[in-house]
Amino acid sequence: MHTLNTTTGSQDPNLDPIPDPDQFPNRNRNNPQSRRPRGFAAAAAAASIAPTENDVNNGNIAGIGGGEGSSSGGGGGGKGKREREKEKERTKLRERHRRAITSRMLAGLRQYGNFPLPARADMNDVIAALAREAGWSVDADGTTYRQSHQPNNVVQFPTRSIESPLSSSTLKNCAKAALECQQHSVLRIDENLSPVSLDSVVIAESDHPGNGRYTGASPITSVGCLEANQLIQDVHSAEPRNDFTESFYVPVYAMLPVGIIDSFGQLVDPEGVRQELSYMKSLNVDGVVIDCWWGIVEGWNPQKYVWSGYRELFNIIRDFKLKLQVVMAFHEYGGNASGNFMISLPQWVLEVGKDNPDIFFTDREGRRSFECLNWSIDKERVLHGRTGIEVYFDFMRSFRSEFDDLFVEGLIAAVEIGLGASGELKYPSFPERMGWIYPGIGEFQCYDKYSQLNLQKEAKSRGFAFWGKGPENAGQYNSQPHETGFFQERGEYDSYYGRFFLNWYSQLLIGHAENVLSLANLAFEETKIIVKIPAIYWSYKTASHAAELTAGYYNPSNRDGYSLVFETLKKYSVTAKFVCPGPQMSPNAHEEALADPEGLSWQVINAAWDKGLLIGGENMITCFDREGCMRLIDIAKPRNHPDSYHFSFFTYRQPSPLVQGSTCFPDLDYFIKRMHGDIQR
């Protein structure tokens, strides 16, 4: 092994001789003076005996410069050095782990507890913030005391005050007894335990006082200690549990009604808009949501954008000091709803579609859907020399350039990107104009030539060219799962072909989201991006989840179809907006539809949170009683959530202007106050 050369004149006078413990195999290793240092102590010891450059050059270190013992003692020293290096790495890993835990704690306190922690806060800052929250004063030097009085030369430890009928003297006696118990209970540590094991022992002992699992831990035998601990537990059990989720502030945005901008891009009724915004302001609404319709702004000629009506509208909103969320609406409005107002895709796009109808989604019967453009042309130059994603990008870039001043001011808080039918990330699988009625399973929309070529190419690459076609037994729009060979129990959806097709079909949806969001991030740098996620809750109690499959979510009962979607959204730091289902019909109707709105909501929302996404909400139906109001609040602010997760915002959608009386939601004022945390249960 490597030892220092003790020959006169060859030893560096700056180095103190430190004996190697391995030279004394008979020494008692349980003696603290002979224990080998660990962690930072090992690193310091290694530094103190490290050879200098002169030692190496002069051959003063045995086994390096050819001195005596160079051939016989090299193994032990090298082994000790390797052990020290390993210990250094273990120490680094432990420190990284602790820093990661601290970072998550600080992030949670900043995000959910509104603690004003500095950017490089440490645990001292956290303890000080918690102490101040509990009513204590903490000086810069760490002196902590009650705000009512400041004792001289006495350091008191911050504790959370407990409202209890017990007297203060009784609580002081309890605390004194508890401290005495802790002094009597000494934790003994086995010398052979590693630092990692040591951490485990300390944590376990802290969590379970008096636990006899570790032989070195002294049990608590004091009667006074037991009485004090029991008394303190009684006080804590009598204290009501605070549900901090209730106090969180969830911003509420109100959707402005469709039709305030006409088909020529002009603001219809400025005075009516002012009255509406004034009423919203009186309800303490945080902001408004407005659709920017592709079919209006670029309605007549490609790359000719008319923003004048929106400019006038945004100036009025600025006067009321309301935040603004804008929707890049690349879809049709009115095709699936009764009413006189209709917004189609741009006229020049419809003209292109007359010559090339495959730019639209197509069902098995060859019927075209004009709700939005086919995702299979995202990279096909079929729109006057532009691809689908280039058309979307040019529109977004024009908006960003036109309203740059509003982005700089911070008036525009977020931009929602429409990615499919109804502005939601889904296929147009439930078209009412083609006779679809709830709870029909819908139809696959992949029978245009571009999608079919893509499917055939994918099938050939898998070595099964005959898979390059859509299912032939998937039923019609209003079929039920058990009526089809594809979606029935143990149906073809779970066969090798079925899995291949459904995976390909859902990947088109994910690929479209990725294509558009990558460009949206370029157009709207440093602006929150929102994507709307649909609530397809019927047929949810079946094994196949047929309605979700036709809409593009490969989410049967044996597979999670939302996590892959949210992974893509996470890549682009997107906020998901979930369309919250409401009490739309009776429980019997839900049973007949095999629907489970609560189950779907739970899966989607928790899948988003598991992926680290922020998530907001929007109501699906527009008329609510008090029960429906409470359901929305429970979805947005889950009670007793272990991580205190909640929605980052909520959008209220109403069919008519709020100023007309809010007859569909008489408890709107109460709902907003609950979302803001002004009223709790």
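All figures in this text were calculated on a predicted structure; none of them were measured in a lab. (Residues numbered from 1 in each chain as written. Predicted model: local features only at pLDDT ≥ 70, side-chain atom pairs only at ≥ 80, totals over all residues. Heavy atoms only, no water.)

Caption draft 1: Region of interest: the environment of Leu-256. Turning to its location among the elements, Leu-256 is positioned in the loop between β3 (252-255) and α8 (270-282). In this structure Leu-256 comes out as buried when scored by relative accessible area, which is 4%. Taking the C-alpha atoms as reference, Leu-256 lies 8.6 Å from Glu-276; in sequence the two are 20 residues apart. If we ignore the near neighbours within four places in the chain, the residues touching Leu-256 are Glu-276, Leu-277, Met-280, Val-288, Val-289, Ile-290, Leu-313 and Ile-317. (Helix = DSSP H or I, 4+ residues; strand = E, 2+ residues; numbered from the N terminus. Buried < 20%, exposed > 50% of the residue type's maximum accessible area, 1.4 Å probe, protein only. Contact = heavy atoms within 4.5 Å.)

Caption draft 2: Fine view of the UniProt feature "active site" (unreviewed entry) in the chain. The feature "active site" (unreviewed entry), as given by UniProt, occupies Glu-424 and Glu-618 in the numbering adopted here. For this annotated set, covering 195 residues, all C-alpha atoms fall within 11.7 Å of each other, a compact arrangement in space. Inspection of the secondary structure puts Glu-424 in the loop between β8 (412-417) and α14 (449-462). Apart from the residues within four sequence positions on either side, Glu-424 is in contact with Leu-419, Lys-532, Pro-534 and Val-579. Mapping Glu-618 onto the fold places it in strand β11 (residues 615-619). (UniProt positions renumbered as here; feature names shortened; annotations may be inferred.)

Caption draft 3: Looking closely at α8. Taking 1.5 Å of rise per residue, 13 residues should cover 18 Å, and α8 covers 19 Å from first to last C-alpha, within 8% of that figure. Along α8, the residues classified as buried are Val-273, Glu-276, Leu-277 and Met-280. Buried residues in α8, looked at end-on, bunch into an arc of 95°, giving them a common side. Against β3, β4 (287-293) and α10 (308-319) lie the buried residues of α8. (Expected span 1.5 Å × (residues − 1). Arc of directions from axis to C-beta.)

Caption draft 4: Quick peek at the sheet that holds strand β10 (residues 574-580). As summarised here, the arrangement of the eight strands in space is β3-β4-β5-β8-β9-β10-β11-β12, forming a closed barrel in which the pairing is parallel. Here the strands of the sheet are splayed against their neighbours by 30° on average, with no regard to which way each runs. By the bridge criterion, three bridges tie β8 to strand β9 (residues 528-533) in an arrangement that is parallel. Each bridged residue has a counterpart across the sheet, and for Ala-414 the counterpart in β9 is Lys-528. (Pairing = 2+ DSSP bridges. Axes fitted to C-alpha atoms, helices over the stretch in contact; angles between N-to-C directions.)

Caption draft 5: Fine view of the side chain of Thr-542. Here Thr-542 shows up in the loop between β9 and α16 (546-551). Side-chain polar atoms of Thr-542 contact the backbone oxygen of Ser-539, separated by 2.6 Å. Apart from residues lying up to four places away in sequence, Thr-542 is in contact with Pro-481, Ser-557 and Leu-594. (Polar contact = N/O pair within 3.5 Å; in protein donor to acceptor, adjacent residues only side chain to side chain.)

Caption draft 6: Structural view of the pattern of salt bridges. Scanning all chains against the criterion turns up 30 salt bridges. Residue Lys-354 pairs with Glu-351 through a salt bridge whose shortest N-O separation is 3.3 Å. Of this pair, Lys-354 and Glu-351 both sit in helix α11 (residues 347-355), three residues apart, roughly one helical turn. Judged by relative accessible area, Glu-351 falls into the partly exposed class, the value being 45%. Linked by salt bridges that have partners in common, Glu-416, Lys-532, Lys-577, Glu-618 and Arg-653 make up one network. (Salt bridge = Lys/Arg side-chain N within 4 Å of Asp/Glu carboxyl O.)

Caption draft 7: Spotlight on the packing of aromatic side chains. Tallied over the entire structure, the rule returns 48 aromatic pairs. Relative to Phe-407, the ring of Phe-399 has its centre 6.0 Å away and its plane inclined at 85°; by these criteria the two rings are edge-to-face. Phe-407 sits in the buried class, given a relative accessible area of 11%. Arranged with centres 4.3 Å apart and planes meeting at 15°, the rings of Phe-464 and Trp-467 form a pair that is stacked. The partly exposed category is assigned to Phe-464, whose relative accessible area is 32%. The exposure class of Trp-467 is buried, given its relative accessible area of 9%. Taking the ring centre of Phe-407 as reference, the NZ or CZ of Arg-400 above it sits at 4.3 Å. (Phe/Tyr/Trp six-rings, centres within 6.5 Å; stacked < 30°, edge-to-face > 60°. Lys NZ or Arg CZ within 6 Å of the ring centre and 35° of its normal.)

Caption draft 8: Inspection of helix α17 (residues 563-571) at higher detail. Looking only at α17, the buried set comprises Ser-563, Val-565, Phe-566, Thr-568 and Leu-569. Check the buried side of α17 and you find it contacts α15 (496-523), β9, β10 and α19 (597-610). Just beyond α17, the residue with positive phi is Ser-573, at close to 55°.

Caption draft 9: Representation of the confidence of the model for the chain. Taken as a whole, the chain shows an average pLDDT of 78; of its residues, 68% reach a score of 70 or greater. Contacts for the low-pLDDT stretch residues 1-34, under 50 throughout, to residues beyond four places or in other chains number 41 contacts. Throughout residues 149-244 the model reports pLDDT below 50, and contacts reaching past four residues in sequence, or to other chains, amount to 75 contacts. (pLDDT = per-residue confidence, 0-100.)

Caption draft 10: Structural detail: the packing of helix α12 (residues 388-402) against α15. Relative to each other, α12 and α15 sit at 25°, their axes nearing to 9 Å. Here α12 is positioned roughly parallel relative to α15, judged by the angle of their axes. The crossing of α12 and α15 is right-handed. The segment α12 lies against α15, with Ile-389, Tyr-392, Phe-393, Met-396, Arg-397 and Arg-400 engaging His-512, Asn-515, Val-516, Leu-519, Ala-520, Leu-522 and Ala-523. (Parallel < 35°, antiparallel > 145°, perpendicular 65-115°, else oblique. Left-handed = near helix turned anticlockwise from the far one by under 90°.)

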